[in-house]
Amino acid sequence: IAILAAIAISQYQDYLIRSQVSEASSLADGVKTAVAEYYNNNGAFSGTQRSYGLATATSITGKYVAKVDVATAPGKIVVTFKSAKPTNAKIFGQTLTFSPIPNAGSMEWVCNPSAGLNIKYVPSACR
(Lines give C-alpha, C1' and ligand atoms only; values in the text may rest on other atoms or scores of the structure.)
Protein backbone atom coordinates (compact mmCIF):
# COMPACT_ATOMS: atom_id res chain seq x y z
CA ILE A 1 0.00 0.00 0.00
CA ALA A 2 2.85 2.41 0.83
CA ILE A 3 4.45 1.87 -2.57
CA LEU A 4 1.16 2.53 -4.37
CA ALA A 5 0.59 5.66 -2.28
CA ALA A 6 4.08 6.97 -3.12
CA ILE A 7 3.43 6.50 -6.85
CA ALA A 8 -0.02 8.09 -6.63
CA ILE A 9 1.28 11.16 -4.76
CA SER A 10 4.01 11.69 -7.35
CA GLN A 11 1.53 11.44 -10.23
CA TYR A 12 -0.87 13.81 -8.48
CA GLN A 13 1.90 16.40 -8.00
CA ASP A 14 2.70 16.24 -11.74
CA TYR A 15 -1.00 16.66 -12.51
CA LEU A 16 -1.20 19.77 -10.31
CA ILE A 17 1.83 21.33 -12.01
CA ARG A 18 0.39 20.58 -15.47
CA SER A 19 -2.86 22.27 -14.47
CA GLN A 20 -0.90 25.35 -13.34
CA VAL A 21 1.00 25.45 -16.64
CA SER A 22 -2.25 25.13 -18.59
CA GLU A 23 -3.25 28.54 -17.20
CA ALA A 24 -0.48 30.04 -19.35
CA SER A 25 -1.97 28.57 -22.49
CA SER A 26 -5.45 29.82 -21.57
CA LEU A 27 -4.24 33.37 -20.93
CA ALA A 28 -2.23 33.35 -24.15
CA ASP A 29 -5.28 32.39 -26.25
CA GLY A 30 -6.86 35.84 -26.03
CA VAL A 31 -3.53 37.48 -26.78
CA LYS A 32 -3.06 35.21 -29.82
CA THR A 33 -6.33 36.51 -31.23
CA ALA A 34 -5.24 40.14 -30.79
CA VAL A 35 -1.84 39.49 -32.41
CA ALA A 36 -3.37 37.61 -35.35
CA GLU A 37 -5.97 40.36 -35.95
CA TYR A 38 -3.28 43.04 -35.86
CA TYR A 39 -1.12 41.12 -38.31
CA ASN A 40 -4.02 40.48 -40.69
CA ASN A 41 -4.93 44.20 -40.66
CA ASN A 42 -1.38 45.62 -40.87
CA GLY A 43 0.74 42.95 -42.55
CA ALA A 44 3.37 43.07 -39.79
CA PHE A 45 3.80 42.52 -36.07
CA SER A 46 4.07 45.37 -33.58
CA GLY A 47 6.59 45.86 -30.82
CA THR A 48 4.15 47.22 -28.24
CA GLN A 49 1.45 45.67 -26.15
CA ARG A 50 -0.75 48.73 -26.62
CA SER A 51 -0.80 48.57 -30.41
CA TYR A 52 -2.43 45.13 -30.17
CA GLY A 53 -5.14 46.67 -28.00
CA LEU A 54 -3.92 44.78 -24.95
CA ALA A 55 -3.44 45.77 -21.35
CA THR A 56 0.11 46.00 -20.00
CA ALA A 57 2.00 42.72 -19.63
CA THR A 58 1.73 42.75 -15.85
CA SER A 59 -2.02 43.38 -16.07
CA ILE A 60 -2.60 40.08 -17.84
CA THR A 61 -2.10 37.70 -14.94
CA GLY A 62 -3.58 34.66 -13.33
CA LYS A 63 -3.26 32.67 -10.16
CA TYR A 64 0.04 31.16 -11.38
CA VAL A 65 1.04 33.53 -14.20
CA ALA A 66 2.92 36.76 -13.45
CA LYS A 67 2.61 38.36 -16.90
CA VAL A 68 1.82 37.83 -20.56
CA ASP A 69 4.14 39.92 -22.74
CA VAL A 70 4.21 40.52 -26.50
CA ALA A 71 6.39 43.63 -26.44
CA THR A 72 9.77 41.94 -25.91
CA ALA A 73 9.78 40.25 -29.32
CA PRO A 74 7.29 41.40 -31.97
CA GLY A 75 4.52 38.86 -32.34
CA LYS A 76 5.94 36.42 -29.80
CA ILE A 77 3.86 35.87 -26.68
CA VAL A 78 5.96 35.20 -23.59
CA VAL A 79 4.06 33.94 -20.56
CA THR A 80 6.04 34.10 -17.30
CA PHE A 81 5.05 32.12 -14.22
CA LYS A 82 5.03 33.65 -10.76
CA SER A 83 7.93 32.98 -8.41
CA ALA A 84 5.84 32.59 -5.30
CA LYS A 85 3.17 30.35 -3.82
CA PRO A 86 0.64 29.06 -4.80
CA THR A 87 2.72 28.41 -7.94
CA ASN A 88 4.68 25.18 -7.65
CA ALA A 89 8.41 25.76 -7.09
CA LYS A 90 9.24 23.57 -10.11
CA ILE A 91 7.87 26.26 -12.45
CA PHE A 92 8.88 29.42 -10.53
CA GLY A 93 9.87 32.12 -13.03
CA GLN A 94 9.80 29.77 -16.02
CA THR A 95 8.32 30.86 -19.35
CA LEU A 96 6.21 29.46 -22.13
CA THR A 97 6.68 31.24 -25.49
CA PHE A 98 4.20 31.15 -28.35
CA SER A 99 5.75 32.17 -31.70
CA PRO A 100 3.52 33.10 -34.65
CA ILE A 101 3.94 31.75 -38.16
CA PRO A 102 1.71 33.56 -40.70
CA ASN A 103 0.10 31.24 -43.28
CA ALA A 104 -1.85 33.04 -46.02
CA GLY A 105 -4.54 34.60 -43.84
CA SER A 106 -4.23 32.28 -40.87
CA MET A 107 -1.76 32.08 -38.02
CA GLU A 108 0.03 28.99 -36.77
CA TRP A 109 1.50 29.09 -33.25
CA VAL A 110 4.62 27.22 -32.13
CA CYS A 111 5.00 26.70 -28.40
CA ASN A 112 8.44 26.65 -26.74
CA PRO A 113 8.98 26.09 -23.01
CA SER A 114 12.00 27.70 -21.33
CA ALA A 115 15.00 25.44 -20.73
CA GLY A 116 14.16 25.01 -17.03
CA LEU A 117 10.54 23.98 -17.62
CA ASN A 118 10.29 20.20 -17.67
CA ILE A 119 8.64 19.03 -20.89
CA LYS A 120 6.30 16.70 -18.98
CA TYR A 121 4.53 19.75 -17.51
CA VAL A 122 3.76 21.59 -20.76
CA PRO A 123 0.54 21.13 -22.78
CA SER A 124 0.63 18.31 -25.31
CA ALA A 125 0.59 20.86 -28.18
CA CYS A 126 3.99 22.11 -26.95
CA ARG A 127 5.73 18.74 -26.90
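Just above sits the structure.
Calculation rules
Residues numbered from 1 in each chain as written. Predicted model: local features only at pLDDT ≥ 70, side-chain atom pairs only at ≥ 80, totals over all residues. Heavy atoms only, no water. Helix = DSSP H or I, 4+ residues; strand = E, 2+ residues; numbered from the N terminus. Buried < 20%, exposed > 50% of the residue type's maximum accessible area, 1.4 Å probe, protein only. Disulfide = S-S within 2.5 Å. Contact = heavy atoms within 4.5 Å. Pairing = 2+ DSSP bridges. Axes fitted to C-alpha atoms, helices over the stretch in contact; angles between N-to-C directions. Core = buried A, V, L, I, M, F, W, Y, C linked by side-chain atoms within 4.5 Å.

K.L.:
How should the overall build of the chain be read in this particular structure?
P.N.:
Helix and strand counts for the chain come out as 1 helix and 4 strands. Counted from the first residue to the last, the chain has its helices and strands arranged as α-β-β-β-β. When its C-alpha atoms are laid out on the principal axes, the chain stretches across 60 × 30 × 20 Å. In the chain, which comprises 127 residues, the share counted as buried stands at 38%.

K.L.:
I tried to follow the state of the cysteines on my own but got confused; where do I start?
P.N.:
Two cysteines form a disulfide when their sulfur atoms are joined by a covalent bond. The final tally for this structure, using the stated rule, is 1 disulfide. Paired through a disulfide, Cys-111 and Cys-126 show a sulfur-sulfur distance of 1.9 Å. Because the torsion about its S-S bond is 85°, the bridge between Cys-111 and Cys-126 counts as right-handed. Within this pair, whereas Cys-111 is found in strand E4 (residues 106–113), its partner Cys-126 is found in the segment after E4, the two being separated by 15 residues in sequence.

K.L.:
Is there a simple way to explain the side chain of Ser-114 in this structure?
P.N.:
For Ser-114, the location among the structural elements is in the segment after E4. In this structure Ser-114 touches Gln-94 and Thr-95, once residues within four positions along its chain are discounted.

K.L.:
What is the right way to look at the pairing of E4 in this model?
P.N.:
Consecutive side chains along a regular strand alternate between the two faces of the sheet. When strand E3 (residues 95–103) meets E4, the two strands line up antiparallel, connected through 8 bridges. Within the sheet, the bridge partner assigned to Pro-102 lies in E4 and is Met-107. If you look at the hairpin formed by E3 and E4, you'll find 2 residues sitting between the two strands, and Ala-104 has a positive phi there, around 40°.

K.L.:
Would you mind going over the sheet that holds E3 with me for this structure?
P.N.:
Overall, antiparallel pairing links the 4 strands, which are arranged E1-E2-E3-E4 in an open sheet. Every other strand in the sheet has two partners, leaving strand E1 (65–69) and E4 as the edge strands with one partner each. Within the sheet, the average angular offset between the axes of one strand and its neighbour, ignoring direction, is 15°. This element, helix H1 (residues 2–42), spans E1, strand E2 (77–81), E3 and E4 of the sheet and lies at about 155° to E2.

K.L.:
Explain the environment of Ala-55 to me, please; I cannot follow it from the model alone.
P.N.:
Tracing the sequence through the fold places Ala-55 in the loop between H1 and E1. Judged by relative accessible area, which is 41%, Ala-55 ranks as partly exposed. For the pair formed by Ala-55 and Ala-89, sequence separation is 34 residues and the distance between their alpha carbons is 27 Å. Filtering out sequence-adjacent residues up to four positions away, Ala-55 remains in contact with Gln-49 and Ile-60.

K.L.:
What's the story with the nonpolar core in this structure? I'm lost.
P.N.:
Side chains of a nonpolar character, in soluble globular proteins, are inclined to be buried together. Val-21, Val-31, Ile-77, Val-79 and Leu-96 are the most contacted members of the largest nonpolar core, which has 24 residues in total. When residues of this core are traced back to their parent elements, those giving at least two are H1, E1, E2 and E3. Element by element, the count of residues in this core is highest for H1, at 7 residues. Apart from the residues within four sequence positions on either side, Val-31 is in contact with Leu-54, Ile-60, Val-68, Val-70 and Ile-77.

Take it as geometry only, folks, not as evidence of what the structure does.
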